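# Chain and residue survey
Chain by chain, the residues:
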Amino acid sequence: MRLQRLAWLLSSCLLFLGACRKPEAAAELSMQPPVVLISIDTLRSDHLPAYGYNEVSTPAIDALAADGIVFQRAFSQVPLTLPSHASIMTGLLPAHDGVRDNAGFVLDPKTPTIASILKAQGYATGAAVSAYVLRASSNVGTGFDLYDDQIPFIEGAPTGNLARPGTETVAIMKRWIGEHASVPFFAFVHLFEPHAPYEPTYDAEIAKADTEVGELIASLRSSGRYDDALIILLSDHGEGLGQHGEQEHGVLLYREALQVPLIVKLPRSERKGTRVAEAVQLVDVLPTIAALTGAPAAETDGHSLAGAIGAHPIFSETLYPRIHLGWSELRSVIDYPHHLIDGPKPELYDLSRDSFETQDLRETDRRAYAKLRSVAATAPAAVVTAPRIDPEEAKKLAALGYVSAQPGTAHSDLNPREHLPDLQKLKEVTLLMRQREFADAAKSMEDLLARNPGWSDLRNNLGFAYEQLGDLPAAERTYREAIRTTPELAPDFALLLAGVLVARGALDDAEAHARLALRTNPNGAHEVLARVALARNDLGTALQEAELGHADFLAAQVLLGRRDPERALAVLQRIYDTSQKQKTQLPRGFFIVTGDTFMALGRTAEARQAFERAVALHPDDRVARERLQRLEK
Ligand SMILES: [Zn+2]
């Protein structure tokens, strides 16, 4: 390390001397390596050929692994996208950076991040992400000059699934790298393949992500920056794939949810083809980058992987079961080879002999169990701290009449693994919802809620089912209950409630609830505020809010209201193309507005086609039928 630092010191002298003679050459002489961080969401290391898997082909990742160091045992701090990325960016455990769930938590923008540290060293910093949960308002992008999170908000879609294809994200970063190739730069690229839904399989999504990685690396090569670049490829967490009953991630803390790929290619491919067997963790990424770029190391929970690697306990957690399902949270500590999963019924595994964690050693290896327990006791914030609720939001909630118990005090002893069958029942409900059997779905969900009263995600779906059934009072009741029982998610439920209140014509109440979500979900909040303004016939405000919320569909309606059907049609076309490309649902009422736009343009035949599609999609939609009947006359 000392040698490397000396090299940088030397290079800054060269930089200075060079600047006197030939200023434009200064950047070229700089030894600050470009840093490229690639995060492939939900990627299990044991589904990559670089880690011994052979059911999928990943030539780009293989090539990077051949040029770099493969960390064979790297683990995530938390199996959730936003908290895990916050830990990567800050080098801090979730208990220290305060980001403990995808919903309701944002990073304190004063916390040093990889981007802010490198920016202070003179780096250009650019990022593009592919999932809505990593939106800029989460502050996970603190320190980036460019943080591209343009992912359309689709009303009614679960926010966890809002994403854009990696090809679009990579295209943005290729352009950005091209523009910054001659200066020290830090590029962060987040790809959402292979996160569910899989198209068509988990492995196929991995192959897709690999193609995107290949595109990015090719552009680094063509701009001449591959060789001297520090490239880090990782994932934020794994995926259950049914191994212990969980299909996706977030509820359980077994190895498959925590172990991730971590590949580090050093400048000039030093130490290429090395494999490291020591257990390491995602909070090590920031100290590693700091060490390799000569940046001052911030205080973190990790350790640089650039030199000798010591043994450190790895702490992980998930509060998801408590916040979303009303079950107990889980914590885990890996003191390799032992893995303790701590909850209502602690379990102990030996990862070196039982990597699929089928033999619980808690009763048989009392000595290891006692040791891991004592290590676990040193974890920060072993006791759950109350989730942070913004005091302003708490005040607004109180003003709206929500008097609740203290947030975060609803402890539960329900063991997540034992209650997974109820999660399985939710799968059946989801299927009913997809088949538009909303009445049956609502009945099943009311039953599940009776057994799991803290299951906030269920109220999310139940409210949606009632909305689809046209039972707005029941939807309103469901969302209001959710705000009361899960105050940490109050802003999200307030936004859903605001949507119902607009439909019920309670515009002032709708506006007050939408404003509650401005901090945690600005796009969604602006979208609802635009609808409130539209209902008030305040077109100026509506257009402004629609633009703030990237709410194209609303903008199209406003443009139509402003007698500008040409521009409205262009926006509608863009929405249609995007939904075709991304295979996402069109917003409700899309074909009615499209028909109205064609009518305003005097293109009656196309208007008729649009109304016919509206009726075909929603045969019970009165408005669509009336439009068609009017045309028939
Ligand atoms: Zn993720």
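All of these numbers come straight from a predicted model, not from anything done at the bench. (Residues numbered from 1 in each chain as written. Predicted model: local features only at pLDDT ≥ 70, side-chain atom pairs only at ≥ 80, totals over all residues. Heavy atoms only, no water.)

## Here's the deal with the overall build of the chain
Scanning the chain for helices and strands turns up 26 helices and 12 strands. Computed over C-alpha atoms, the radius of gyration of the chain comes to 26 Å, within 12% of the 26 Å expected from 2.2 N^0.38 for 633 residues, which places it in the range of a compact globule. Over its C-alpha atoms, taken along the principal directions, the chain stretches across nearly 85 × 70 × 50 Å. Sequence-distant contacts, at least 24 apart, represent 65% of the contacts inside the chain between residues at least 6 apart. Carbon and sulfur atoms provide 54% of the accessible area of the chain, an area that totals close to 26,700 Å². Here the chain contributes 65 positively and 82 negatively charged side chains, and the mean placements of these two sets differ by 2 Å. (Helix = DSSP H or I, 4+ residues; strand = E, 2+ residues; numbered from the N terminus. Rg over C-alpha atoms; globule rule 2.2 N^0.38 Å. Contact = heavy atoms within 4.5 Å. Areas by Shrake-Rupley, 256 points an atom, 1.4 Å probe, with all protein chains shown as cover. Lys, Arg positive; Asp, Glu negative; His and termini not counted. Charge placed at Lys NZ, Arg CZ, Asp CG, Glu CD.)

## Some details on the environment of Asp 203
For Asp 203, the location among the structural elements is in helix H8 (residues 202-222). In this structure Asp 203 comes out as buried when scored by relative accessible area, which is 16%. Measuring from C-alpha to C-alpha, the distance between Asp 203 and His 47 comes to 7.3 Å, with 156 residues separating the pair along the chain. Once you skip the residues sitting within four places of it in the chain, Asp 203 turns out to touch His 47, Tyr 53, Glu 55 and Val 56. (Buried < 20%, exposed > 50% of the residue type's maximum accessible area, 1.4 Å probe, protein only.)

## Side note on the packing of helix H18 (residues 490-503) against helix H20 (residues 522-535)
In helix packing, the relevant descriptors are the interaxial angle and the interaxial distance, both defined with respect to the helix axes. At a closest axis distance of 10 Å, the pairing of H18 and H20 adopts a crossing angle of 15°. Comparing the axis directions of H18 and H20 gives the class roughly parallel. The way H18 lies across H20 gives a crossing that is left-handed. Taken together, the residues of H20 that come into contact with H18 (itself represented by Leu 495, Ala 498, Gly 499 and Val 502) are Gly 524, Ala 525, Val 528, Arg 531 and Val 532. (Axes fitted to C-alpha atoms, helices over the stretch in contact; angles between N-to-C directions. Parallel < 35°, antiparallel > 145°, perpendicular 65-115°, else oblique. Left-handed = near helix turned anticlockwise from the far one by under 90°.)

## Details of the sheet that holds strand S12 (residues 347-350)
Strand order in the open sheet formed by four strands is S9-S10-S11-S12, and the pairing between neighbours is antiparallel. The sheet is open, and its two borders are formed by strand S9 (314-318) and S12, each paired with just one other strand. On average, adjacent strands in this sheet sit at an angle of 15° to one another, irrespective of strand direction. Both strand S11 (residues 338-342) and S12 contribute to a ladder of four bridges, which runs antiparallel. Bridge pairing in S12 places Leu 340 opposite Leu 348. Across the sheet, helix H12 (residues 366-376) is in contact with S9, strand S10 (330-335), S11 and S12; its angle to S11 comes to roughly 65°. (Pairing = 2+ DSSP bridges.)

## Considerations on the sheet that holds strand S1 (residues 35-40)
Ordered by their spatial adjacency, eight strands build an open sheet running S4-S3-S5-S1-S6-S7-S2-S8, and the pairing between neighbours is mixed. Two strands bound the open sheet, and with one partner strand each, they are strand S4 (146-148) and strand S8 (274-281). Neighbour-to-neighbour, the strand axes of the sheet open up by a mean angle of 15°, direction not taken into account. One ladder, built from six bridges, connects strand S2 (residues 69-75) with S8; its direction is parallel. Following the sheet pairing, Val 70 is matched in S8 by Arg 275.

## Comments concerning the coordination of the zinc ion
The protein atoms that coordinate the zinc ion are Asp 41 (OD), Thr 81 (OG1), Asp 236 (OD) and His 237 (NE2), at distances spanning 2.0 to 2.1 Å. The site at the zinc ion holds four donor atoms, and with the angles between them running 100 to 115°, its shape is tetrahedral. (Donors = N, O, S within 2.8 Å, 3.2 Å for Na, K, Ca; no water. Tetrahedral: all angles 85-135°; square planar, octahedral: opposite > 155°, others 65-115°.)

## Considerations on the domain arrangement of the chain
For the chain, the assigned domains read domain 1 (32-290) and domain 2 (386-519). Taking the mean C-alpha position of each, domain 1 and domain 2 sit 31 Å from one another. Domain 1 puts 17 residues into the contact, and the matching count from domain 2 is 12 residues. Overall, the association of domain 1 and domain 2 removes approximately 1,200 Å² of surface from exposure, summing both partners, and the carbon and sulfur fraction of that is 57%. Where domain 1 packs against domain 2, one counts zero salt bridges. Taken together, the connections running from domain 1 to domain 2 amount to one residue pair in polar contact (both at pLDDT 80 or more). (Domains from an automatic or database assignment. Buried area = accessible area lost by both parts, 1.4 Å probe. Salt bridge = Lys/Arg side-chain N within 4 Å of Asp/Glu carboxyl O. Polar contact = N/O pair within 3.5 Å; in protein donor to acceptor, adjacent residues only side chain to side chain.)

## Structural notes on the nonpolar core
Ranked by size, the top nonpolar core spans 112 residues in total, and within it Leu 37, Ile 114, Phe 186, Ile 232, Leu 262, Val 285 and Trp 455 carry the most contacts. Looking at this core, the element that brings in the most residues is H18, giving nine residues. Split by domain, the residues of this core number at least three in each of domain 1 (32-290) and domain 2 (386-519). In this structure Ile 232 touches Val 36, Leu 37, Ile 38, Leu 262, Ile 263, Val 264, Val 285 and Ile 289, once residues within four positions along its chain are discounted. If you look at the next biggest cluster of nonpolar residues, it comprises 35 residues, including Val 70, Ile 172, Met 173 and Leu 220. (Core = buried A, V, L, I, M, F, W, Y, C linked by side-chain atoms within 4.5 Å.)

## Points about the pairing of S9
Consecutive side chains along a regular strand alternate between the two faces of the sheet. With five of five residues buried, S9 is to be regarded as a mostly interior element. Side chains Ile 314, Ser 316 and Thr 318 project from S9 onto one buried face, and the interleaved Phe 315 and Glu 317 project onto a second face that is buried too. As paired strands, S9 and S10 are joined by five bridges and run antiparallel to one another. Each residue of the ladder has a partner; that of Ile 314, found in S10, is Ile 334.

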